[in-house]
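Okay, here's what each chain looks like letter by letter:
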Amino acid sequence: EPDPAVKGPRGAHLEGDDALREDIKRRQREAARFIVNAANLIAPVMEKTPVAGYDWIIDSLNHHGFPRIGSELEIAKSSYFLRRKEFDNAITVLKKFERKEPSLMACAATNL
């Protein structure tokens, strides 16, 4: 009787494949977290203003194929505005998430 975890040659799906995929996803999440943390540390001091620093990093991430991480930094930028009690700026940034993916919308709504 065939093992349900192993598909035929067309499926080429083995149980070890799942473990490898999970490891890759875990590493990608970890790398994204490192990038966000590093960006949060350097953005406020790398340009003349913290907002310009966030904008530069966000543009760079979006340009190099990391729009999801760029979006996470947009949320961090809105948190920067909230900490400084610049509520109109924070709302402007967070409203951009109305047309983005649901998980980002939920995070933006929580910050609002």
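About the criteria used
Residues numbered from 1 in each chain as written. Predicted model: local features only at pLDDT ≥ 70, side-chain atom pairs only at ≥ 80, totals over all residues. Heavy atoms only, no water. Core = buried A, V, L, I, M, F, W, Y, C linked by side-chain atoms within 4.5 Å. Buried < 20%, exposed > 50% of the residue type's maximum accessible area, 1.4 Å probe, protein only. Helix = DSSP H or I, 4+ residues; strand = E, 2+ residues; numbered from the N terminus. Patch = residues over 30% accessible without salt bridge, like charges linked within 9 Å, V, L, I, M, F, W, Y side chains within 5 Å. Areas by Shrake-Rupley, 256 points an atom, 1.4 Å probe, with all protein chains shown as cover. Salt bridge = Lys/Arg side-chain N within 4 Å of Asp/Glu carboxyl O. Contact = heavy atoms within 4.5 Å. pLDDT = per-residue confidence, 0-100. Axes fitted to C-alpha atoms, helices over the stretch in contact; angles between N-to-C directions. Parallel < 35°, antiparallel > 145°, perpendicular 65-115°, else oblique. Left-handed = near helix turned anticlockwise from the far one by under 90°. Nonpolar A, V, L, I, M, F, W, Y, C, P; charged D, E, K, R; others polar.

(A) Main features of the nonpolar core. Residues Tyr-54, Ile-57, Leu-61, Ile-69, Leu-73 and Phe-81 are the most contacted members of the largest nonpolar core, which totals 15 residues. Only helix 1 (15-46), helix 2 (50-63), helix 3 (67-83) and helix 4 (87-95) provide two or more residues apiece to this core. With 5 residues, helix 3 is the largest single contributor of residues to this core.

(B) Here's a closer look at a nonpolar patch on the surface. Residues Leu-41, Ile-42, Val-45, Met-46 and Trp-56 make up a contiguous nonpolar surface patch of about 540 Å² in total accessible area. At 4 residues, helix 1 tops the list of elements feeding residues into the nonpolar patch. Its place among the elements puts Trp-56 in helix 2. Overall, Trp-56 belongs to the partly exposed group, its relative accessible area being 46%.

(C) View of unusual backbone geometry. Its identity as a non-glycine residue notwithstanding, Lys-85 has a phi of 60°, on the positive side. Looking at the secondary structure, you find Lys-85 in the loop between helix 3 and helix 4. Residue classification places Lys-85 among the exposed residues on the basis of a relative accessible area of 62%.

(D) Molecular detail of the side chain of Ser-78. When you line up the elements, Ser-78 lands in helix 3. Once residues lying within four places of it in the same chain are set aside, the contact partners of Ser-78 are Ala-90, Val-93 and Leu-94.

(E) Broad picture of the confidence of the model for the chain. In this model, the chain carries a mean pLDDT of 82, and residues with pLDDT of at least 70 account for 74%. Of all the helices and strands in the chain, helix 5 (residues 102-111) carries the lowest mean pLDDT, 66, while helix 2 carries the highest, 93. Note that pLDDT drops below 50 for residues 1-6; the model gives that stretch 5 contacts with residues more than four away or on any other chain.

(F) Summary view of the packing of helix 2 against helix 3. One way to put it is that helix 2 packs onto helix 3 with a least axis distance of 8 Å and a crossing angle of 165°. With respect to each other, helix 2 and helix 3 are oriented roughly antiparallel. Crossing handedness for the pair helix 2 and helix 3: left-handed. Across the interface between the two elements, Pro-50, Val-51, Tyr-54, Asp-55, Ile-57, Ile-58, Leu-61 and Asn-62 from helix 2 touch Pro-67, Ile-69, Gly-70, Leu-73, Glu-74, Ala-76, Lys-77, Tyr-80 and Phe-81 from helix 3. Residues of the contact of helix 2 with helix 3, tallied by class, amount to 12 nonpolar, 2 polar and 3 charged.

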